Amino acid sequence: HSTNLSGTLERADPSAASSLPLAERLPTAVRTLTSQLMAHRLCNGYGLFRRMTGVGPQGQVARPELVLEGSDEPRTGWHALPFRFKPGLLTSAPPWVAPHQPRLDWQMWFAALGSYRSSPWLLHMLVRLLQGSSPVRALLDQPRLPFADHPPRYVRCRLLTYDFAPLDDSLRRWWGRGGPSA
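Remember, predicted model here, so these are calculated numbers, not experimental data.

### Concerning the side chain of Glu65
Part 1: Residue position: Glu65 is located in strand E3 (residues 63-71).
Part 2: When its relative accessible area of 0% is taken as the criterion, Glu65 is described as buried.
Part 3: A polar atom in the side chain of Glu65 sits 2.6 Å from the side chain of Arg63.
Part 4: Looking at Glu65, its side chain comes within polar contact range of the side chain of Lys86, at 3.1 Å.
Part 5: Ignoring sequence-local partners within four residues, the contact set of Glu65 consists of Lys86, Pro87, Trp109, Ala112, Arg158, Leu159, Leu160 and Tyr162.

### A short note on the packing of helix H5 (residues 103-111) against helix H6 (residues 120-131)
Part 1: Closest axis-to-axis distance for the H5/H6 pair is 10 Å, and the angle between their directions is 120 degrees. Here H5 is positioned oblique relative to H6, judged by the angle of their axes. Seen from above, H5 lies across H6 with left-handed handedness. Here H5 contributes Leu104, Gln107, Met108 and Ala111 to the contact with H6, which in turn contributes Trp121, Leu122 and Met125.
Part 2: Tallied by class, the residues present in the contact of H5 with H6 amount to six nonpolar, one polar and no charged.

### With respect to the pattern of salt bridges
Part 1: With the rule as written, the count across this model stands at seven salt bridges.
Part 2: Note that Arg63 is salt-bridged to Glu65, the shortest N-O span being 2.6 Å.
Part 3: For Arg63, a relative accessible area of 25% corresponds to the partly exposed category.
Part 4: One salt bridge in this structure joins Glu65 and Lys86, with 3.1 Å as the shortest N-O distance.

### Structural notes on the sheet that holds E3
Part 1: If you walk across this open sheet you meet the four strands as E4-E3-E5-E6, and the pairing is antiparallel. Of all strands in the sheet, those with a lone pairing partner are strand E4 (79-80) and strand E6 (175-178), marking the two edges.
Part 2: Both E3 and E4 contribute to a ladder of two bridges, which runs antiparallel. Following the sheet pairing, Glu69 is matched in E4 by Ala80.

### Looking at the packing of aromatic side chains
Part 1: For the structure shown, the criterion picks out five aromatic pairs.
Part 2: Relative to Phe110, the ring of Trp106 lies with its centre 5.0 Å away and its plane at 70 degrees, an arrangement referred to as edge-to-face. Placement of both Trp106 and Phe110 in helix H5 is noted, with a separation of four residues, approximately one turn of the helix.
Part 3: You can call Phe110 partly exposed: its relative accessible area is 29%.
Part 4: Centroid distance Trp109 to Phe110: 5.2 Å. Interplanar angle 45 degrees. Geometry classified as tilted.
Part 5: Taken together, the ring pairs connect Trp106, Trp109 and Phe110 into an aromatic cluster.
Part 6: Cation over ring: Lys86 sits above Phe83, and NZ or CZ is 5.3 Å from the ring centre.

The rules behind each value
- The numbering scheme is per chain: residues are counted from 1 as the chain's sequence reads.
- Reporting in this predicted model follows two pLDDT cut-offs: at least 70 for local features of residues, and 80 or more for side-chain atom pairs to be given and counted; totals over whole chains, interfaces and linings ignore these cut-offs and use all residues.
- With hydrogens and water excluded, all non-hydrogen atoms of the structure serve as input to the side-chain values.
- Only DSSP runs of H or I with at least four residues qualify as helices, and only runs of E with at least two residues qualify as strands; both kinds are numbered from the N terminus onward.
- Accessible area is worked out with a 1.4 Å probe on protein chains only. A residue is then buried under 20% of its type maximum, exposed over 50%, and partly exposed in between.
- Definition of a polar contact: a pair of N or O atoms within 3.5 Å, with one able to donate and the other able to accept a hydrogen when the atoms are protein atoms, and with sequence-neighbouring residues admitted only if both atoms are side-chain atoms.
- Contact between two residues is taken to exist if any of their heavy atoms lie within 4.5 Å; hydrogens are not considered.
- Orientation is described by lines fitted to C-alpha atoms, with helices fitted over the stretch in contact, and by angles between N-to-C directions that extend from 0 to 180 degrees.
- By the definition adopted for this analysis, an angle is roughly parallel if under 35 degrees, roughly antiparallel if over 145, roughly perpendicular if from 65 to 115, and oblique otherwise.
- The handedness criterion is simple: a crossing whose near helix is rotated anticlockwise from the far helix by less than a right angle is left-handed, and one whose near helix is rotated clockwise is right-handed.
- Residue polarity is assigned by list, with Asp, Glu, Lys and Arg as charged and Ala, Val, Leu, Ile, Met, Phe, Trp, Tyr, Cys and Pro as nonpolar; anything else, Gly included, falls into the polar class.
- We define a salt bridge as a side-chain nitrogen of Lys or Arg found within 4 Å of a carboxyl oxygen belonging to Asp or Glu.
- Whether two strands pair depends on DSSP finding at least two bridges between them.
- Pairing of aromatic rings covers Phe, Tyr and Trp, the last through its six-membered ring, and needs centres within 6.5 Å; plane angles under 30 degrees mean stacked, over 60 mean edge-to-face, and all others mean tilted.
- By definition, being over a ring means that NZ of Lys or CZ of Arg is both within 6 Å of the ring centre and within 35 degrees of the ring normal.

If you want it as structure tokens, here you go:
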């Protein structure tokens, strides 16, 4: 459903929507507002970072994400090591960070775009997590940290693909997550 400027609801035909360009799939109210704002140059479609990491199918802007996980015994399970600002829990909304630029979360995004050889700091961070370094642990989301009283015995880093979940997601997720993006 979408609402136009007069407040009435209109139902889009889902089969027809997927063949239209993204701009034409937006709700009428959004298209109208965007065209009105464009005349005043209050917004634009500048998107160096918007498209540079898109790894999803046509129309998606999925991005690669590194997910750090820890375990005391790998055969019994792995637990995500949560960050404050990057995607993680599928039901957590993206946080408002502007004008703050969360440096570690930003670096993790760029590390996901290349080889571990181009991000030696990441390996050092993993070693420090295994050692239980307080300053490194403080960089993570402390309230959700699964190893609150001790460092994990093992750590690993997985490359996954994240994208926004559909608006009508029945599980009320903010994120969709897929297998390796590369």
